[in-house]
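Here is what each chain is made of, one letter per residue.
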Amino acid sequence: ARPGERTIRTRRVAILVADGVNGESARAIHAGLAREEAVPRFVGLRLGRVQSTDGNQIEVDVTAEAMPSVLFDAVVVPGGHEDMVKVFANAGPVLEFIGQQYRHCKPILVLGNGRAVAERAGVKLVLRSGELDSGVLYFQEDNFGEVLPQFVEAIAAHRHFARETDPPQV
């Protein structure tokens, strides 16, 4: 991407996955981002395949520890089976990954019950001013028509500095 472009071409987007992830939404977001010439990657806690809720497997591209959040321009926190949400909500590398994305004012897409994971990582949907954070998008799993265009717009903005605090709050 070149300065001044309002596209997401070449932007790296992490899509967090583990056993029990909603595979339909994870693959739909991945395909939509690829069509926009972004570089989506399935990020997990371990390499290999994860079993999604639709019975299909998703190949993990990289782990959260091997490729930290600073190397990504945005993150997707998908929903899924409650067991997956519990795994993510108790996994330090995942919480740190999401928290660093938030702290660095990067776009975050939260789907369905992935909201519990995002909140556990410190993500807030509302700014201190009371306004909605334009860089944190929350949707139920079945709103694919609305999800992708708004997420693409948030990624194209690159950073959402309205949430920035200096020094960072602990």
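Residues numbered from 1 in each chain as written. Predicted model: local features only at pLDDT ≥ 70, side-chain atom pairs only at ≥ 80, totals over all residues. Heavy atoms only, no water.

### Let's talk about the overall build of the protein chain
If you tally the helices and strands in the protein chain, you get five helices and eight strands. By the compact-globule yardstick of 15 Å for 170 residues, the protein chain fits well, its C-alpha radius of gyration being 15 Å. With the C-alpha coordinates aligned to their principal axes, the bounding extent of the protein chain is approximately 40 × 35 × 30 Å. When the 170 residues of the protein chain are sorted by exposure, 47% land in the buried category. Put simply, 72% of the contacts in the protein chain that link residues at least 6 apart link residues at least 24 apart. Surface accessibility of the protein chain: about 8,600 Å² in total, with carbon and sulfur atoms responsible for 49%. (Helix = DSSP H or I, 4+ residues; strand = E, 2+ residues; numbered from the N terminus. Rg over C-alpha atoms; globule rule 2.2 N^0.38 Å. Buried < 20%, exposed > 50% of the residue type's maximum accessible area, 1.4 Å probe, protein only. Contact = heavy atoms within 4.5 Å. Areas by Shrake-Rupley, 256 points an atom, 1.4 Å probe, with all protein chains shown as cover.)

### Digging into the environment of leucine 33
Checked against the element boundaries, leucine 33 lands in helix 1 (residues 23–35). Taking relative accessible area as the criterion, leucine 33 reaches 0% and is therefore assigned buried. Considered as a pair, leucine 33 and phenylalanine 151 are 118 residues apart in the sequence and their alpha carbons are 9.2 Å apart. If near-sequence neighbours (up to four positions away) are discounted, leucine 33 is found in contact with Ile8, Val13, Ala38, Pro40, Leu148, Phe151 and Ile155.

### Regarding the sheet that holds strand 7 (residues 108–111)
A sheet is described by the order of its strands in space; here six strands give the open sequence 5-2-1-6-7-8, paired in parallel fashion. Looking at strand neighbours, the two that pair on one side only are strand 5 (62–63) and strand 8 (136–139), the edges of this open sheet. By the bridge criterion, three bridges tie strand 6 (residues 74–77) to strand 7 in an arrangement that is parallel. Bridge pairing links valine 75 to isoleucine 108 in strand 7. Against the sheet, helix 1 makes contact with strand 1 (12–16), strand 2 (39–44), strand 6 and strand 7, and its axis sits at roughly 150° relative to strand 2, the strand it touches most. (Pairing = 2+ DSSP bridges. Axes fitted to C-alpha atoms, helices over the stretch in contact; angles between N-to-C directions.)

### Description of helix 2 (residues 82–89)
If you check which residues of helix 2 are buried, you get Met84, Val85, Phe88 and Ala89. One side of helix 2 holds all its buried residues, which, seen down the axis, span an arc of 130°. (Arc of directions from axis to C-beta.)

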